[in-house]
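# Overview (structure and organization)
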Amino acid sequence: MKKLLHQERSFHGIFKPSLKMKLSMLFMFTVLLTMQANTSNAQRTKVTLNLNDISVERLIDEIESKTDFHFVYQIKQVDLKRKVSVKANQELVTAILDRIFTDTKTVHKVVDNQIFLKERIAPPPPNNDKIAPVLIDLQTMVTGQVTDDKGTPLPGANIVEKGTTNGVTADFDGNFSIELLGDNVTLVVSYIGFSTKEVPLNGQTNVNVQLLESAAGLDEVVVVGYGVQKKSDITGAVSNISEEKLQSRPTANFSDALQGRSSGVQIRQSGGDLDGKFQIAIRGVGSVTGSNDPLIVVDGVPLISASFSTINPKDIASIDILKDASATAIYGARAANGVVIITTKKGKVGKPQLTYSSDLSVEHISERYDVMSTEQQRLLFVEAFKNSNRSTAVYDDPTNPVWQLDTDWQDLGTRTGIRQIHNINYSGGTENTQYSASASYQNRTGTLLNTDLKTYSLRTNLSTQVNDWLKISTNITGSYQPENYSDGDNWGSTGFRGFAYQHSYTPAYDENGELTNINTASAPYFGANQNPLVPLLLPTQERNTTRLLGNFQANIKLIDGLFLNTNVGGDLVRIEGYSYNPIYQIGRMINNQGSVTVTNNNDTNWVADATLDYSKDFNKQSLKLLVGVSAQQFLLRRTAASGTGTIDNSLNQLSNQTSFNSTGSNVKGGLASSFARLNYGYDNKYLLTATVRRDGSSRFGPDKRYGTFPSASVAWRVSQENFLKNSTILNDLKLRVSYGLTGNQNIGNFEFITKAAPTPYVYGNTVVVGNSASNIGNPSLQWEANKQLDIGIDFALFKSRVSGTIDYYDKKSEDLLIQNPIPLTAGVPNAPIVNIGSVQNSGIEFAISSRNLVGNFTWTTDFNIAYNKNEVLDIGTNSAGEPLEIPGQNIPLSNLPSNLTVAGNPVGAFNMYIYDGVWQLGEEAEAATWFNAVPGDPRYKDINENGVLDAGDRTFVGNPHPKLIGGLDNTFSYKNLSLSVFMNFATGNELYNTARNLFSRGVPFVQNFAEASDFWTPDNPSEVPRPSQGGTTTTLATLVSTRFLEDASFLRLKNVALTYDLPSKIFDNSFIESAQFTFSGTNLLTFTKYTGLDPEASSRESLLSAGIDYTPYPNTRQYNLGVKVSF
Amino acid sequence: MKNYIKYIGLLLIGVYSISCSNILDPEPEGQVALEQLLSTEEGLITGVNGVYEPLQPIFQNTMVQLAGRSSDDGWTWRKETESDIFNIDESFGLIQTTWQNHYQGITRANTVLERMSTIDEFSSAEMKSLIEGQCKFMRAFYYFHLVRFYGGVPLIIEEIKIPSDAELPRSSIEEVYAQIKLDLNEAITLLPTAYTGGSGKEEGRATKYAAMALLATVNLELEEWSAAVTNTEDIIGKGRLLENYADNFNGSNENGPGSIFEVQYGGETGATTTNLRNTFAPEAMQGGAATLPTDDRLNGEGGSLSSGNGIVQEYEDGDNRFEVTLADYGIDNFLFPDQPKGSLLFVNKYLNEVDQPPGQSTWNYPIIRYADVLLMRAEALNEVGYISGGEAFGLLNEIRLNAGLPAHDATTLTSQEAFRMAIRKERRVEMAFETKRYFDLNRWGILEERIQFQMDIKGELTFPSNRLISHPITGKPYFLYPIPLVEFSNNANIQEQNPGY
């Protein structure tokens, strides 16, 4: 087997002997040539060969197959293709090699059973008799152990002979042995998270190396898009979240795992599904109407589909978040919202490792709504009907059997959820080939009945150094995720919200245990009297997601320092949905015929890119240059078919139906790009990065198709200056400044043309095709431009025990893609999208990591906090010349928006009436002129002081975006025990609680929240509006106002994890290497004034309607037991 | 070796750059540029279909509320929308959707009319005039609604190519009517009396008679009585009253002899069917009963203007239209639980119990029925001059006899005024809940009087008489809805709001 010295693609590492080394080699080979015959056993091995006209490569194979010898060489130093003929009969191998390599550029050296082939430094001396043989003590083998400062072995540490690529990794006990190529060698020992150490051997053959933990992780590599960079060389704002942090608690979704981990990254939950949907916002929000989602790149494949829960969080090795323009500009037109780069686990050189981990969790709904008891609801009926001039007769008698039932729908519709995660990972590799593969199974039974989610996933990452110029690697994941879901996150949805909606005095089950429902609409069964378990339990709603995500990369070395890297990847997402709404007749809930809906979403996304990568170090300067091209295409195919008409629930397939309806669409789009990046460093002190990308996008018209996105940044590593170099306090200090332009192209496709929209009509009963304009095309549409300035400081103090980063940024999003309203007389449903206006996000991010205590008892703290100010600078004017006002989505019933986007305020700022208590007795006259109100009716502030309630009384009252967000992680460990306590927080934002807007208005049509039972009466002059059913009081009580706008600041004890590593000695002589148990609790405590279920809820993706809570899938408190065993 | 690799590299780059141009120029699939689509006759026909399409939403919720509930025929117990009590403001949602729906129809018609010129050759001269005639008819139809709801509106008669094309000032009521009449007179010459079937010639498209009947409606609105007589002349005898009144509404005689012009509903989706059934049906029958018939027995209770001039009381004994139009279904009185079962009436005309799911009815909705033409002509004749036992009596009696009621003669209707009242009553009953009543009350100048009567019974409410104008053509007091507020922001030229808003 051939060992390749050149194991890894490297920019620096091509073996370049120094002059000193060259001389030593000269001596070495001289000696070798003279002493070849009198060496070890192996070297006396004799072989018989009879080969004609074969390549040297073949010959090496032959010798390897017939002897115990292994050849070690660098391909460029040996002419493998040279044809030779060998005839040998029981001849010494060395003799054969002497013959073969005479007069070539190659010499050989035998150490034990390894034959090193090296480039001949100088021609052998013509007459070696005249030179006296000098015997040099060849240091050929060094052994040792790598540990941390406490003596704990560091398995997997890298040991490299300085100036070469000759290297090994430490085994599980930190032990290593390395064959040396040179003499007077220095070993470079490195380990992730520790400062790299150089160890001059000075003749030692056994060295113990202690590495110091590097809090700053300056030697860690960070993935920066089309390449990696050492953290110390980075000039932009990039934050990295390690595997350890990501894996510290069981999460369904990588974005969930990101919550609170990185400064300036906000994660909020929406959706009525079990996996939840997460919105990620990096450094605030810049786009008003476009998407604010960052670009997600998994192993080099930019994703277009958002089903992130199909990416197994257990497979993730690290997440790098590119924040400033310097870091993101390499992704050009899609980088305006930041870039999240996910790297999955790769194999490492070393013996195979098998790890099994398992998590078992129980989940409870952490909060629930406080609804009225039946008796309270009855009293509400009486009062409301009285106030609305309706008969209360049926409601007056509390002894009526109807009022004896108090069904707790929230209890009946939910359960304790169970979550299991099983994951097997094996990895390992030789110098040539590394592999990492995993299989994972996750099963969650939801806290809502009839909801569950399973995920099966497989991943294989492989990489192979084929020869000294070619390395190929593939990463492939397949996942399958079947889900039973329930609709939710809407005003009157059937999910958890439905349990609050329906009246408590109707029964859920009959005496036979069957679902039941009342069969009358007569009083007292007024309003919401449906059994919410029926739409939860009876329909089938399945969604199965299949995803194949992978890529193939080839790295080709063209000449020293110059590589051609190609990457071809794809992401295929297929989501098939099946729902069946069965026939049932349960009291008044009647569905006469079944209906089936089958949906199919096929997203195909492929990317191909090629980059040329050049790096060179000369004197004190280092240069890296990257140029590349990239093409990406996406095809989004959607079909949906629904049918109705079955009269038998066993005929629940589409083909059993009698009438059908179907829709379909097919969208193709693409991006063609070229880009370049220059990294220049002088003396490790002064660093420069310049990036430019030119993107062509199908989203824009032919005239505006291309955009160019440049950025530049400089950094000064002050700590490398002489005056600081020896500072014991300040170990690292880097100042960074960057500025650049990135783009956002996230608008719909084909907005630049006037599109025909289907507007079918009917003649008789035959539907005919109809067409009409859906918009007014804007051929000059182009990107949103994002200009960002970032000034940052990275520092490490006190032997790197404290390290941190501070960034100030000023991000201006310009040429915003905004739907500029047109008069309705234009007759098209969609206003044209134009580039207009700007939004500014400026803020400060601070992250610090500190090892407070070291030694037997360690305590580390990671803390991050980010302040962001969001302001709309300009969004243009309307036809009348007034600044444009873009309202958010209307809140149902009152049909008023809660958000309004105008210049001078945050995007989607809350704008509504200010609740001012209720009209009291004695204020009748004023109340009447106000809005025909009477005492007990809600009262709102007369902002425009015109004495009547009108639109002018709505005003800006809050901000949906937090001013401060952050996280605090404390880890304590003592021997095998470690405890991690993680909290996250946000403050400065409000959330509109639509549940209260619906259930606290004192309108008895629906079950009300308990707070409404303190309603106003002449005898109870409270500040809770009087109940009503219809009329002015209802209109007033339903208005969107500050009564339902709540402070959403929170501090949450997100996770507490106690980990115990079993002592390794109990596994001596066992196939198990290590075992770890973790007990953790998630969402244990939340300190907040918010009265809804979750202060982090945000139901609508559009920023214009930010900060509205329509009750997403309920948040849970989780207790988890995790086991991890390595073999 | 290395050279080869370089070449491979260059080749790859080359391949990328070539493929890129394809990536960036995707053909829109399923989404066609309108320009391209309207460049053929077939495409234009789909454009014409698109011109009709707004009728489907307009005649569901919007018209029922703005032209039905706001008359003295309907009321709502929910009282969450205010058109019923004439308390709407400029930002009232339906005001905006109505405006928008109508302008969608208008601009679509404009676009088709303009694009016609780019087509070199039509399959027949007839097809060309069909396309042109229908667009002009529909444009007039939409403007006629607009001018009656809002008064003078921006008169857009050309294709909108850039947003500012839509920012026109309001025209006067007279100018709008001039355009309506121009379009209708052209449509009368261009349209056929009947359709033969086949693509572009399906039954249900506007005919010459529809254009004439619509023009007659315009004449009545403007009190051009003799023109109305002339314009209805040719239609008489071209249709007939259906023996069974219910057949006008139940899908059995769509585009049949009882009908001049209908909204076509059909197919399987919410978009092409009507939910009118659910608007009227009681909750016990999966409806919302959002509009109920006015009934004097309710004494002003239950919500909004439930009583006074009750339509329930308007029916004479023996009128076979009563039980088609109204029904109590023998169910609990959900508003007044202490009242017996069957004590509350609902609008029954559109109760489709066949199509599923309920609320996706395929039954067409009548816009102009033959009965309407008879009554229009009778009204116009009477206004031209009362002739005892004249043609007008015959027209009125044709309706009454078909309804199972005794005929009127010179002894029962002795004067022009008596005949006028009889016609008004007959129109109300014959076309109850067909969104005619509000327009009729307004053109007769009696809207305020009728509504205030109801308000007095309910109490506490006053008709906003400051919102009445004097109609520039008839001089009658005339109620106008407000121009949607949003238009004042998005069209700097629109300038003036209607009085009282």
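All of these numbers come straight from a predicted model, not from anything done at the bench.

## What to know about the overall build of chain A
Assigned secondary structure in chain A consists of 14 helices and 63 strands. Relative to the globule expectation of 32 Å for 1127 residues, the C-alpha radius of gyration of chain A, 35 Å, shows essentially globular dimensions. Principal-axis analysis of the C-alpha atoms places the extent of chain A at approximately 125 × 70 × 70 Å. Split into buried and exposed, the 1127 residues of chain A put 57% on the buried side. Expressed as a percentage of contacts within chain A between residues at least 6 apart in sequence, the contacts between residues at least 24 apart total 70%. Total accessible area on chain A is roughly 43,700 Å²; 55% of this is exposed by carbon and sulfur atoms. When the 96 basic and 109 acidic side-chain charges of chain A are each reduced to a single mean position, those positions are 9 Å apart.

## Quick word on the packing of aromatic side chains
One pass over the structure, following the stated rule, counts 65 aromatic pairs over all chains. Aromatic pair Phe86(B) and Phe463(B): ring centres 5.0 Å apart, planes at 50°, arrangement tilted. One end of the pair, Phe86(B), is in the loop between β1 (74-75) and α5 (93-115); the other, Phe463(B), is in the loop between α17 (447-458) and β7 (468-470), and 377 residues separate them in sequence. Judged by its relative accessible area of 4%, Phe86(B) falls in the buried class. In this structure Phe463(B) comes out as buried when scored by relative accessible area, which is 2%. Taking NZ or CZ as reference, Arg939(A) lies 4.0 Å from the ring centre of Trp919(A), over its face. Between Arg1043(A) and the ring centre of Tyr915(A), over which it is positioned, the NZ or CZ distance is 5.5 Å.

## As for the nonpolar core
Residue and element names in this part refer to chain B. Counting residues in hydrophobic clusters, the biggest one holds 148 residues, and the most contacted among them are Leu 55, Phe 59, Phe 137, Tyr 143, Ile 180 and Phe 261. Among the elements that make up this core, the one with the highest residue count is helix α6 (residues 125-150) (15 residues). The residues contacting Phe 137, other than those within four sequence positions of it, are Leu 184, Ala 187, Leu 191, Ala 206, Ala 210, Ala 211, Leu 214 and Phe 261.

## As for the packing of helix α3 (residues 41-52) of chain B against α5(B)
Residues and elements named next belong to chain B. In the contact formed by α3 and α5, the axes pass within 8 Å of each other and the chain directions differ by 160°. Here α3 is positioned roughly antiparallel relative to α5, judged by the angle of their axes. Remark: the crossing between α3 and α5 carries left-handed chirality. Residues Leu 44, Gly 47, Val 48, Gly 50 and Val 51 of α3 form the contact with α5, whose own contacting residues are Gly 105, Arg 108, Ala 109, Val 112 and Arg 115. In terms of residue class, the contact of α3 with α5 is built from five nonpolar, three polar and two charged.

## Digging into the side chain of Ser388(A)
All names here are of chain A. Positionally, Ser 388 belongs in the loop between α7 (374-387) and α8 (409-412). Ser 388 sits in the buried class, given a relative accessible area of 16%. In contact with Ser 388, other than residues within four places in its own chain, are Ser 1028, Gln 1029 and Gly 1030.

## Looking at the packing of helix α13 (residues 370-384) of chain B against helix α15 (residues 416-430) of chain B
Residue and element names in this part refer to chain B. Packing of α13 against α15 brings their axes to within 10 Å, and their N-to-C directions diverge by 165°. With respect to their mutual orientation, α13 and α15 come out roughly antiparallel. Relative to α15, α13 is oriented so that their crossing is left-handed. Residues Ala 371, Asp 372, Leu 375, Met 376, Ala 378, Glu 379, Asn 382 and Glu 383 of α13 form the contact with α15, whose own contacting residues are Gln 416, Phe 419, Arg 420, Ile 423, Glu 426, Arg 427 and Glu 430. Grouping the constituent residues of the contact of α13 with α15 by class yields six nonpolar, two polar and seven charged.

## Notes on the sheet that holds strand β8 (residues 158-161) of chain A
All names here are of chain A. On the basis of which strands lie adjacent, the open sheet formed by four strands has the order β9-β8-β11-β12 and antiparallel pairing. For this open sheet the edge positions go to β9 (167-169) and β12 (197-200), each flanked by a neighbour on one side alone. Direction aside, neighbouring strands of the sheet carry axes that sit 20° apart on average. With four bridges connecting them, strand β11 (residues 186-190) and β12 associate as antiparallel partners. Within β12, the position partnered with Thr 186 by the bridge is Pro 200.

## Observations regarding the interface of chain B and chain A
In this complex, chain B contributes 83 residues to the contact, which on the side of chain A involves 81 residues. Together, the buried faces of chain B and chain A total about 6,500 Å²; carbon and sulfur atoms form 61% of this surface. At the junction of chain B with chain A, the criterion picks out zero salt bridges. The interface formed by chain B and chain A includes 14 residue pairs in polar contact (both at pLDDT 80 or more). Broken down by secondary-structure element, the contributors of at least two residues to the side of chain B that touches chain A are α1 (2-24), α2 (34-37), α3, α4 (55-69), α5, β2 (259-263) and α18 (485-490) of chain B. Looking at the side of chain B that touches chain A, the element that brings in the most residues is α1(B), giving ten residues.

## Some points on the pairing of strand β47 (residues 857-874) of chain A
Note on strand geometry: in a regular strand, side chains alternate between the two faces of the sheet. All names here are of chain A. As paired strands, strand β46 (residues 838-853) and β47 are joined by 15 bridges and run antiparallel to one another. Each residue of the ladder has a partner; that of Ser 838, found in β47, is Asp 874. Connecting the antiparallel pair β46 and β47 is a turn made up of three residues, with Gly 855 showing a positive phi of about 110°.

## Digging into the sheet that holds strand β13 (residues 206-211) of chain A
By way of backbone hydrogen bonds, the strands of a sheet pair with one another, either parallel or antiparallel. Residue and element names in this part refer to chain A. Strand order across the open sheet formed by three strands is β10-β7-β13, with mixed pairing between neighbours. Two strands lie at the open edges of the sheet, namely β10 (175-179) and β13, each paired on one side alone. Strand-to-strand twist across the sheet, computed as the mean angle between neighbouring axes with direction ignored, equals 30°. Note that strand β7 (residues 141-148) and β10 share five bridges and pair antiparallel. Bridge pairing in β10 places Val 142 opposite Ile 178.

## What about the confidence of the model for chain B?
Taken as a whole, chain B shows an average pLDDT of 90; of its residues, 93% reach a score of 70 or greater. Across the whole predicted complex the pTM is 0.78, and at the interface the ipTM reaches 0.92.

## Some details on helix α2 (residues 56-66) of chain A
Residues of α2(A) that are buried include every one of Val56(A), Leu59(A), Ile60(A), Glu62(A), Ile63(A) and Glu64(A), and no others. Buried residues along α2(A) sit against β2 (46-55), β3 (70-73), β4 (83-92), α3 (93-101) and β6 (114-119) of chain A.

## Focus: the pairing of strand β26 (residues 452-467) of chain A
Residues and elements named next belong to chain A. In this sheet, β26 lies alongside strand β25 (residues 433-445) in antiparallel orientation, the contact comprising 13 bridges. Paired with Ser 440 across the two strands is Ser 457, which belongs to β26. Taking the residues between adjacent antiparallel strands as the criterion, β25 and β26 are bridged by six residues, where Asn 450 takes a positive phi near 65°. Relative to strand β27 (residues 470-484), β26 is paired through 13 bridges, and the arrangement is antiparallel.

## Here we look at the environment of Glu398(B)
Along the polypeptide, Glu398(B) turns up in helix α14 (residues 391-402). Put simply, Glu398(B) and Leu374(B) are 24 residues apart on the chain and 8.4 Å apart in space, counted from C-alpha to C-alpha.

## Topic: the side chain of Gln657(A)
Residue and element names in this part refer to chain A. Checked against the element boundaries, Gln 657 lands in the loop between β33 (621-646) and β34 (659-682). By relative accessible area, Gln 657 is classed as buried at 6%. For Gln 657, the side chain forms a polar contact with the main-chain oxygen of Leu 651, separated by 3.4 Å. In terms of polar contacts, Gln 657 uses its side chain to reach the backbone carbonyl oxygen of Gln 653, at 3.0 Å. When sequence neighbours within four positions are dropped, the list of residues in contact with Gln 657 reads Gly 594, Ser 595, Val 596, Gly 643, Thr 644, Gly 645, Thr 646, Leu 651 and Asn 652.

## Thoughts on the pattern of salt bridges
All names here are of chain B. Counted according to the given criterion, the structure contains 76 salt bridges over all chains. Glu 114 serves as the salt-bridge partner of Lys 161, at 2.9 Å between the closest nitrogen and oxygen. A residue pair is termed long-range when its members are at least 10 positions apart, and Lys 161 in the loop between α6 and α7 (173-190) and Glu 114 in helix α5 qualify at 47 residues. Since its relative accessible area comes to 28%, Glu 114 is described here as partly exposed. For the salt bridge of Glu 316 with Arg 400, the shortest nitrogen-to-oxygen distance reads 2.9 Å. You can see Glu 316 sitting in the loop between α11 (311-314) and α12 (322-325) and its partner Arg 400 sitting in helix α14, a full 84 residues away along the chain.

Cut-offs applied
Residues numbered from 1 in each chain as written. Chains lettered and ligands numbered in written order. Predicted model: local features only at pLDDT ≥ 70, side-chain atom pairs only at ≥ 80, totals over all residues. Heavy atoms only, no water. Helix = DSSP H or I, 4+ residues; strand = E, 2+ residues; numbered from the N terminus. Rg over C-alpha atoms; globule rule 2.2 N^0.38 Å. Buried < 20%, exposed > 50% of the residue type's maximum accessible area, 1.4 Å probe, protein only. Contact = heavy atoms within 4.5 Å. Areas by Shrake-Rupley, 256 points an atom, 1.4 Å probe, with all protein chains shown as cover. Lys, Arg positive; Asp, Glu negative; His and termini not counted. Charge placed at Lys NZ, Arg CZ, Asp CG, Glu CD. Phe/Tyr/Trp six-rings, centres within 6.5 Å; stacked < 30°, edge-to-face > 60°. Lys NZ or Arg CZ within 6 Å of the ring centre and 35° of its normal. Core = buried A, V, L, I, M, F, W, Y, C linked by side-chain atoms within 4.5 Å. Axes fitted to C-alpha atoms, helices over the stretch in contact; angles between N-to-C directions. Parallel < 35°, antiparallel > 145°, perpendicular 65-115°, else oblique. Left-handed = near helix turned anticlockwise from the far one by under 90°. Nonpolar A, V, L, I, M, F, W, Y, C, P; charged D, E, K, R; others polar. Pairing = 2+ DSSP bridges. Buried area = accessible area lost by both parts, 1.4 Å probe. Salt bridge = Lys/Arg side-chain N within 4 Å of Asp/Glu carboxyl O. Polar contact = N/O pair within 3.5 Å; in protein donor to acceptor, adjacent residues only side chain to side chain. pLDDT = per-residue confidence, 0-100.

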